[in-house]
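# Topology and contacts: notes
Single-letter residue listing:
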Amino acid sequence: MEISKISIIILLICFLASEELLKIENVPKSITIDDFNVPISENNCSIVIDSLVELFKEGYVYTDIKKNPPNKDYFGATDIIKELKNIPIENRKYYDFFRDIKRIFGKIKDGHLNIIASKSPNSYDLKKITMCLPFSFIVKGNSPSNAEIGIKIYEDCFKYFDNETQEFINNHLDINIDKINNEDPFDFIQNIQSEYNSIHNKHGQFSYNLNSAHKISLVRNPFKRYELENIEFLFKDNQKINLDYYLYYSNEDKELIDDNEFLEFYNNEIRKEINTLNEISILDIKNKYYKLKNEIKEKEKNEIEWEYYTIDKEGLKCRVDTENQVNIFVQTTFNFIDDEYNQALEVIDNCTEAFYKNSYPIIGIESNNGGGIIEVSLYLQQFLQVKILQRTHFSTKISNLMKEEMEKNMDDIIELETCEKFNDFEEMKEIVDDYGKDEQGLDIKHYRTKIFELFNKTILKEHKERRKKYFDNYNLKKPTEIIIFTDSFSYSSTSFFIKGLQETGGAILVGYK
């Protein structure tokens, strides 16, 4: 909600008259599935299914591999196109129809594959619907043999439940859960969101669910009605409580705010804006407040000084730990765009040079890294292990869609042998693989490209000059002196980075597949 100049003046008058802090109480609206699960026409359902089928036929190589797997035990058995065509389109309701599609996508376990529904026919935006419990789950115990599931109050949702429920929860904070819906609580948490998310690894599924089962976005995990209602929690003292997930609809700038420190900050900002007559929203002030709090928190920590880092400090950062005689870098994304892209390459250059000036081993931590720009992952791989020249090629389905997509990026694809750009998609093709025929009897063929570099010519030239400097001036690291830790939440460009080091024997890798 935008606050106009007139509104600001009125608010200030009220504030001065009462000498009290402004009270903001925009409580998110409680809703039920029936509010947004409204009828959708057969024609609209048909358009959605036909569009998805066409997209998969044209551009999704995975569908062909499903039908012609290199190893029968490696991939699942989902035929996406067939399953999409089997979804009923008559007499459907919006949410049920969306959930059917989402369930098929969830079977694939591909982190790149997602579908996000927007507004329902009666204008409910599914992206703004959240479901929550009054408590989160925690694992107690110091070993797998004595591990149990306990609870911890989740303040943001706890306040929406009645006094009786709140009292029960407060009395059971030190008592562990015995069963949830008559099953082991570990099994319940393991399975609660696994049907819809893209995490294939069992450890990853459990960790993700444990950390998020108390607050779930409906558009990412469209639960069935029975999964949301009357969940029975039996505790070790044989007392039980039945709870429904609390569903609420919330606009970004209409959240309940009960932080007195924020309210004081809010009123100070209102005073400032009176002088300039600028328009300001609650969300603007809220963002400014939490940004300042985080900056203060960072300064107070001051535990570790990172020598080089990207803007947000979380994307990529590194330091030389002289006390423990080790080089460390931590990375949570390869998704650097615009100015961040060049900055990320610069950070990699600076980190590498700092690392190679000493004889310490390198430890890298790739945690919860959902990938991003492949060039950055290849760049990092190349500089960690400069003795091994990274080379890239890939296969793509032969289709007009893929031809158009490939030719959009021709300026940054350089042929390795000539160091020149490809003129068009045809020049990139090298090997054609025949994958049989699709259900319409049409040939399924993939091209494998020639080996190329994914950098523009300027970066490629600088890249080669730096490599030469390392060879001439520094002691290069042995593969046994580079250790990379990863987890089951990391995929996409992170997989290129990890697999590249694995297949070339460039580093010791520790973590999950």
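Note that the coordinates shown come from a computational prediction; the quantities given were computed from them, not determined experimentally.

The rules behind the values
- Residues numbered from 1 in each chain as written.
- Predicted model: local features only at pLDDT ≥ 70, side-chain atom pairs only at ≥ 80, totals over all residues.
- Heavy atoms only, no water.
- Helix = DSSP H or I, 4+ residues; strand = E, 2+ residues; numbered from the N terminus.
- Buried < 20%, exposed > 50% of the residue type's maximum accessible area, 1.4 Å probe, protein only.
- Contact = heavy atoms within 4.5 Å.
- Areas by Shrake-Rupley, 256 points an atom, 1.4 Å probe, with all protein chains shown as cover.
- Patch = residues over 30% accessible without salt bridge, like charges linked within 9 Å, V, L, I, M, F, W, Y side chains within 5 Å.
- Salt bridge = Lys/Arg side-chain N within 4 Å of Asp/Glu carboxyl O.
- Axes fitted to C-alpha atoms, helices over the stretch in contact; angles between N-to-C directions.
- Parallel < 35°, antiparallel > 145°, perpendicular 65-115°, else oblique.
- Nonpolar A, V, L, I, M, F, W, Y, C, P; charged D, E, K, R; others polar.
- Disulfide = S-S within 2.5 Å.
- Pairing = 2+ DSSP bridges.
- pLDDT = per-residue confidence, 0-100.
- Left-handed = near helix turned anticlockwise from the far one by under 90°.
- Lys, Arg positive; Asp, Glu negative; His and termini not counted.
- Phe/Tyr/Trp six-rings, centres within 6.5 Å; stacked < 30°, edge-to-face > 60°.

To continue, consider the overall build of the protein chain. The secondary structure content of the protein chain amounts to 19 helices and 24 strands. Counting the 513 residues in the protein chain, one finds 45% classified as buried. Within the protein chain, contacts between residues at least 6 apart in sequence are counted, and of these 71% link residues at least 24 apart. Split by element, the accessible area of the protein chain, about 27900 Å² in all, is 47% carbon and sulfur.

Okay, helix 10 (residues 202-212) next. For an α-helix the count is 3.6 residues per turn, leaving residues at separations of three or four pointing the same way. Those residues of helix 10 not exposed but buried are Gly-204, Gln-205, Phe-206, Ser-207, Asn-209, Leu-210 and Ser-212. Looking at the packing, one finds that the buried side of helix 10 touches strand 6 (135-140), strand 7 (148-153), helix 9 (185-191) and strand 9 (215-217).

Looking now at a nonpolar patch on the surface. A grouping of Ile-365, Phe-485, Ile-508 and Val-510 is seen on the molecular surface, where their side chains present a nonpolar patch of about 280 Å² in accessible area. Mapped onto the elements, Ile-508 comes out in strand 24 (residues 508-510). A residue is classified by how much of its surface remains accessible, and Ile-508, at 36% relative accessible area, is partly exposed.

For the pair helix 3 (residues 42-59) and helix 16 (residues 400-408), the least separation of the axes is 7 Å and the interaxial angle reads 65°. Of the possible angle classes, the one that applies to helix 3 and helix 16 is roughly perpendicular. Every residue of helix 16 that contacts helix 3 at Leu-55, Glu-58 and Gly-59 is listed here: Asn-400, Leu-401 and Met-402. Of the residues in the contact of helix 3 with helix 16, the class split is three nonpolar, two polar and one charged.

Enumeration according to the criterion identifies two disulfides in this entry. In this model, Cys-132 is linked to Cys-157 through a disulfide, with the two sulfur atoms separated by 1.9 Å. Looking down the S-S bond of the Cys-132 and Cys-157 bridge, the torsion is 70°, so its handedness is right-handed. A residue pair is termed long-range when its members are at least 10 positions apart, and Cys-132 in strand 5 (residues 129-132) and Cys-157 in helix 7 (residues 155-158) qualify at 25 residues. Here Cys-132 falls in the buried class, since its relative accessible area comes to 1%. The disulfide partner of Cys-318 is Cys-351, and the gap between their sulfur atoms is 2.1 Å. What sets the handedness of the Cys-318 and Cys-351 disulfide is the S-S torsion sign, and at about -95° it is left-handed. On the criterion of sequence distance, the pair formed by Cys-318 in strand 15 (residues 316-321) and Cys-351 in helix 14 (residues 339-356) is long-range, its members being 33 residues apart. Indicated for the protein chain is the disulfide connectivity 1-2, 3-4, based on numbering the bonded cysteines in sequence order.

Moving on, we come to the sheet that holds strand 11 (residues 240-243). What holds strands together in a sheet is hydrogen bonding between their backbones, with the strands either parallel or antiparallel. On the basis of which strands lie adjacent, the open sheet formed by three strands has the order 8-10-11 and antiparallel pairing. A strand with exactly one partner marks an edge of an open sheet, and here the two such strands are strand 8 (177-180) and strand 11. The sheet shows a mean angle of 20° between the axes of neighbouring strands, direction not considered.

When the charged atoms of two side chains with opposite charge come close together, those side chains can pair. Within the structure shown, the criterion is met by 10 salt bridges. The residue Glu-195 makes a salt bridge to Lys-224 at a minimum N-O spacing of 3.8 Å. Taken together, the residues span a long stretch of sequence, with Glu-195 in the loop between helix 9 and helix 10 and Lys-224 in the loop between strand 9 and helix 11 (225-228) at a distance of 29 residues. Its relative accessible area of 22% is what places Lys-224 among the partly exposed residues. Here Arg-319 makes a salt bridge to Asp-321, at a shortest N to O gap of 3.6 Å.

Per-residue pLDDT for the protein chain averages 75, and the proportion of residues at 70 or more is 68%. Throughout residues 252-260 the model reports pLDDT below 50, and contacts reaching past four residues in sequence, or to other chains, amount to 24 contacts. Every residue in residues 273-279 is under pLDDT 50, and counting partners more than four places away or in other chains gives 11 contacts.

Contact geometry for helix 3 and helix 6 (residues 94-108): axes closest at 11 Å, N-to-C directions at 15°. Viewed along their axes, helix 3 and helix 6 adopt a mutual orientation that is roughly parallel. Two packed elements cross with a definite hand, and for helix 3 against helix 6 that hand is right-handed. Between helix 3 and helix 6, the residues in contact are Cys-45, Val-48, Ile-49, Leu-52 and Phe-56 and Phe-97, Ile-101 and Phe-105, respectively.

Below, the discussion takes up the side chain of Lys-102. Positionally, Lys-102 belongs in helix 6. At 12 Å, Glu-195 is the nearest oppositely charged side chain to Lys-102, a buried residue that forms no salt bridge. Ignoring sequence-local partners within four residues, the contact set of Lys-102 consists of Asn-114, Ile-115, Tyr-196, Val-219, Arg-220 and Pro-222.

With that settled, consider the packing of aromatic side chains. Inspection of the entire model under this criterion finds 15 aromatic pairs. Ring geometry for Tyr-124 and Tyr-249: centres 5.2 Å apart, planes at 85°, overall edge-to-face. Of this pair, Tyr-124 sits in the loop between helix 6 and strand 5 while Tyr-249 sits in strand 12 (residues 246-249), and the two are 125 residues apart along the sequence. A residue is classified by how much of its surface remains accessible, and Tyr-249, at 16% relative accessible area, is buried.

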